[in-house]
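Report on the structure
Listed here are the chains, written in short residue letters.
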Amino acid sequence: EVQLVESGGGLVQPGGSLRLSCAASGFTLSNYDMQWVRQTTGKGLKGLEWVSAIGTDGDTYYPASVKGRFTMSREDDGRSLYLQMNSLRAGDTAVYFCARVGRYGAYDYWGQGTLVTVSS
Amino acid sequence: DIQMTQSPSSLSASVGDRVTFTCRASHNINNHLNWYQQRPGKAPKLLIYDTSNLQSGVPSRFSGSGIGTDFTLAISSVVPEDFATYYCQQTYSMPGNTFGQGTKLVI
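What comes next is a walk through the structure. Everything numeric here is computed off the predicted structure, so don't read it as measured data.

Things to note about the sheet that holds strand β7 (residues 62-67) of chain B
Residue and element names in this part refer to chain B. Strand order in the open sheet formed by four strands is β1-β3-β8-β7, with antiparallel pairing between adjacent strands. Only two strands of the sheet have a single neighbouring strand rather than two, namely β1 (4-7) and β7. Adjacent strand axes in the sheet meet at a mean angle of 20° when their direction is disregarded. By the bridge criterion, six bridges tie strand β3 (residues 19-25) to strand β8 (residues 70-75) in an arrangement that is antiparallel. When the bridges of β8 are listed, Thr 20 appears paired with Ala 74.

Written out as structure tokens, the structure is:
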């Protein structure tokens, strides 16, 4: 059974750092493209935004909103993903999900999410 | 970036109704459009990929259609567990995919 389990979220001050982890089971991480996706919190409809991607070749990609601040990596054992987040801002407050990219680019499996709150 | 617009933001329905959700892309995305369902406190769940392909395990009351810039998700007969928020996602440009803002299905 495919499972993704995130950890590492919490409360951090603006300018601080946090490292998120995603433990994968039931498949080999290096055989799939993977992404980190975040969802803003609060009332009403909550936006979804990709914040990092790693290909099967190990190349990484980031949107402009986090480029230079976030770094995605993958353990060689094929079981863990990481997201190192530096210079955090209030706007980075969100639930962070790791997701597997399946057929046609759709996210076929998601973790349960981990909440990151950036506040003084 | 390709912008995705969903309408309406909220949709009222009763059990047994047929409902449709609309998603419009700012550019032609061919058929690279996916739909997700999200219940409160849970991760999104993939329903439909590549416009009209039902993800394994998803009930057949869900269907998707469209091409180019205009897409639709339909539920043929709503059941209680369908009351949730629905998001569309374009994967024409990867990894820079984008989501719509969502449509909440309410009783």
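A few points about the packing of aromatic side chains
Applying the stated criterion across every chain, the model contains ten aromatic pairs over all chains. Ring centres of A:Phe97 and A:Trp110 lie 5.5 Å apart, and the angle between their planes is 85°; this geometry places the pair in the edge-to-face category. Taken together, the residues A:Phe97 in strand β9 (residues 94-101) and A:Trp110 in strand β10 (residues 107-110) connect sequence positions 13 residues apart. For A:Trp110, a relative accessible area of 12% corresponds to the buried category. Ring geometry for B:Tyr36 and B:Phe99: centres 5.8 Å apart, planes at 50°, overall tilted. Of the two residues, B:Tyr36 is situated in strand β4 (residues 33-38) and B:Phe99 in strand β10 (residues 98-99); the sequence distance between them amounts to 63 residues. Of the residues examined, B:Tyr36 reaches a relative accessible area of 0% and is grouped as buried. Connected via pairs of aromatic rings, a cluster forms that spans A:Phe97, A:Tyr107, A:Trp110, B:Tyr36 and B:Phe99.

A closer look at the environment of B:Trp35
All names here are of chain B. Here Trp 35 lies in strand β4. Relative accessible area serves as the criterion here: at 0%, Trp 35 is assigned to the buried category. For the pair Trp 35 and Phe 71, spaced 36 residues apart in sequence, the C-alpha to C-alpha distance is 9.9 Å.

Quick look at the pairing of strand β1 (residues 3-7) of chain A
Residue and element names in this part refer to chain A. By the alternation rule, side chains of β1 split into Leu 4 and Glu 6, which are all buried, and Gln 3, Val 5 and Ser 7, of which none is buried. Two elements, β1 and strand β3 (residues 18-25), share five bridges in a ladder whose sense is antiparallel. Looking across to β3, one finds that Leu 4 is bridged to Ala 24.

Describing the nonpolar core
Residues and elements named next belong to chain A. With 26 residues, the main nonpolar core has Trp 36, Leu 81, Leu 83, Met 85 and Tyr 96 as its most contacted residues. Of all the elements in the fold, those that place two or more residues in this core are β3, β4 (34-39), β5 (48-54), β7 (70-74), β8 (80-85), β9 and β11 (114-118). Ranked by the residues each element gives to this core, the list is headed by β3, at four residues. The contact partners of Tyr 96, leaving out residues within four places of it in the chain, are Glu 6, Leu 20, Trp 36, Val 37, Arg 38, Val 51, Phe 70, Leu 83, Met 85, Gly 113, Thr 114 and Val 116.

Quick look at the environment of B:Ile67
Residue and element names in this part refer to chain B. As for its position among the elements, Ile 67 is in strand β7. Classification of Ile 67 as exposed rests on a relative accessible area of 63%. Each C-alpha atom, one on Ile 67 and one on Ser 52, is 9.8 Å from the other, the two residues being 15 residues apart in sequence.

Here's the deal with the interface of chain A and chain B
Chain A puts 19 residues into the contact, and the matching count from chain B is 22 residues. Summed over both sides, the interface between chain A and chain B buries roughly 1700 Å², with carbon and sulfur atoms accounting for 63% of that surface. Counting the contacts that link chain A with chain B gives zero salt bridges. Our count for the contact surface shared by chain A and chain B stands at nine residue pairs in polar contact (both at pLDDT 80 or more). The set of elements that each furnish at least two residues to the side of chain A that touches chain B consists of β4, β5, β9 and β10 of chain A. Its residues assigned to classes, the side of chain A that touches chain B comprises twelve nonpolar, four polar and three charged.

Parameters at a glance
- Residues numbered from 1 in each chain as written.
- Chains lettered and ligands numbered in written order.
- Predicted model: local features only at pLDDT ≥ 70, side-chain atom pairs only at ≥ 80, totals over all residues.
- Heavy atoms only, no water.
- Pairing = 2+ DSSP bridges.
- Helix = DSSP H or I, 4+ residues; strand = E, 2+ residues; numbered from the N terminus.
- Axes fitted to C-alpha atoms, helices over the stretch in contact; angles between N-to-C directions.
- Phe/Tyr/Trp six-rings, centres within 6.5 Å; stacked < 30°, edge-to-face > 60°.
- Buried < 20%, exposed > 50% of the residue type's maximum accessible area, 1.4 Å probe, protein only.
- Core = buried A, V, L, I, M, F, W, Y, C linked by side-chain atoms within 4.5 Å.
- Contact = heavy atoms within 4.5 Å.
- Buried area = accessible area lost by both parts, 1.4 Å probe.
- Salt bridge = Lys/Arg side-chain N within 4 Å of Asp/Glu carboxyl O.
- Polar contact = N/O pair within 3.5 Å; in protein donor to acceptor, adjacent residues only side chain to side chain.
- Nonpolar A, V, L, I, M, F, W, Y, C, P; charged D, E, K, R; others polar.

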